[in-house]
Every structure is written in structure tokens, then in C-alpha cells.
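An overview of the molecular structure
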Amino acid sequence: TTEQLLRRVRLGYRSRGDGRVSERDVSPQRLVRYRDNWYLDAWCHWRDGLRSFALDAIDRAEGLVEPARELPDTELDTHFTGSYGIFAGPGDHLAVLRFTAERARWVAVERWHPDQVGHYLPDGGYQLQVPYSDQRELLMDILKYGPDVEVVAPQPLREAVAQRLAAAARRYR
């Protein structure tokens, strides 16, 4: 029998932040659908680590002759599910969010993360703890609750939410 080896792929990848295209040599691991978008989980040889690449941000792809680095599913799962949202990595921060009683019924049944911890508060509100590594997606999800959520901790996340809300309020003056 002939064993077929997985090969590396060279991507032209467009940054959503600044629109620049970078060239990345990656070892594809798996495709993932998240919030109605497709992502390629891959070992990035340029960054020397696991990354997720949005398929719609890939400008071009070229197969290479070098063999791909293959990683076990357990390593992929640990890396990509340890933190909140699409931004992977170890959940080395813990967001503590306090929701009003009006929002508690909705938030209490939502699954923000497999390792979340939540409980009702004496006033009918709900406190949710969520591990995260990168605050960008978490920040967007917190902001959608407007005045019905307060970031209790950590302080940098609390300050980021306050700054975004203040900037939004300035637009309406």
C-alpha cells in the first residue's frame, strides 16, 4: 500500500484588522464551522504555533512539497477550546460578569464556554465566569448586553468595556 502524506500549504492571508496580506506556510489540521463562518485550524510555521484562519480571508492557497506537521486531536482540542471564542490558547484570564435580573433568565441557559461557571445572585441577577485569552470577541459579546451587564473582573477588561461604551455614547451626543 502507498501511504499518502499530508503536505504543507502556502496561504495568502488577508488581515481583517489592517487589510494587509501576509504569506503563511501552514500544516492544515481541520476545518471548523464557528458562528456561521468556516475556519482552518492549522500549525503556522511562520508563527511557530497553532492558529485559526478564516477561509474567507484566504486570498490564495498553494500546495507545497514539504510534509505537514500532524498534531493529535487531543492537542488541538486543548488549544482551541481552552479559551473563549475563536481566539484560541489557554484561558489564562477569567472574566467575571454580573447580569441584571432581567437578563439572568437568558444568560443562565446560554453556553458561552464549556468551562464556564455561573450562579444566580440574591437580587435575581446572574454571575457568569468565563475563561479567555484574547478579549476581542468577548468584548463584543459583553457590549451587546449594554446596561444589563457589569464586568466585575479583571480590571483591564472592565476598563476596555467602559472605554467602548463611552466612545459609543459620544457618537450620540
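Preceding block: the structure.
Residues numbered from 1 in each chain as written. Predicted model: local features only at pLDDT ≥ 70, side-chain atom pairs only at ≥ 80, totals over all residues. Heavy atoms only, no water.

1. Here's the deal with the side chain of aspartate 148
With respect to the secondary-structure elements, aspartate 148 resides in the loop between α3 (135–143) and β9 (149–153). Here aspartate 148 falls in the buried class, since its relative accessible area comes to 18%. Within the local environment of aspartate 148, its side chain forms a polar contact with the side chain of arginine 103, the two groups lying 3.1 Å apart. In contact with aspartate 148, not counting residues within four places along its chain, are Arg98, Phe99, Thr100 and Arg103. (Helix = DSSP H or I, 4+ residues; strand = E, 2+ residues; numbered from the N terminus. Buried < 20%, exposed > 50% of the residue type's maximum accessible area, 1.4 Å probe, protein only. Polar contact = N/O pair within 3.5 Å; in protein donor to acceptor, adjacent residues only side chain to side chain. Contact = heavy atoms within 4.5 Å.)

2. A short note on the sheet that holds strand β5 (residues 58–67)
With respect to topology, five strands assemble into an open sheet ordered β4-β3-β2-β1-β5, the strand pairing being antiparallel. Bordering the open sheet on either side are β4 (49–54) and β5, each of which pairs with just one other strand. Direction aside, neighbouring strands of the sheet carry axes that sit 45° apart on average. Inspection of the sheet shows strand β1 (residues 7–14) paired to β5 by six bridges, in the antiparallel sense. Each bridged residue has a counterpart across the sheet, and for arginine 10 the counterpart in β5 is glutamate 62. (Pairing = 2+ DSSP bridges. Axes fitted to C-alpha atoms, helices over the stretch in contact; angles between N-to-C directions.)

3. Digging into the pattern of salt bridges
Within this structure, the stated rule accounts for eleven salt bridges. A salt bridge links arginine 20 to aspartate 18, with the shortest nitrogen-to-oxygen separation between them at 2.7 Å. A residue is classified by how much of its surface remains accessible, and aspartate 18, at 43% relative accessible area, is partly exposed. For aspartate 77, the salt bridge goes to arginine 30, with nearest N and O atoms at 2.9 Å. Here aspartate 77, found in helix α1 (residues 73–81), pairs with arginine 30, found in strand β2 (residues 21–34); they are 47 residues apart in sequence, far enough to count as distant. The partly exposed category is assigned to aspartate 77, whose relative accessible area is 34%. Several salt bridges share partner residues, and in doing so they unite Arg10, Glu23, Asp25 and Arg60 into one network. (Salt bridge = Lys/Arg side-chain N within 4 Å of Asp/Glu carboxyl O.)

Any functional reading would require information that these geometric values do not contain.
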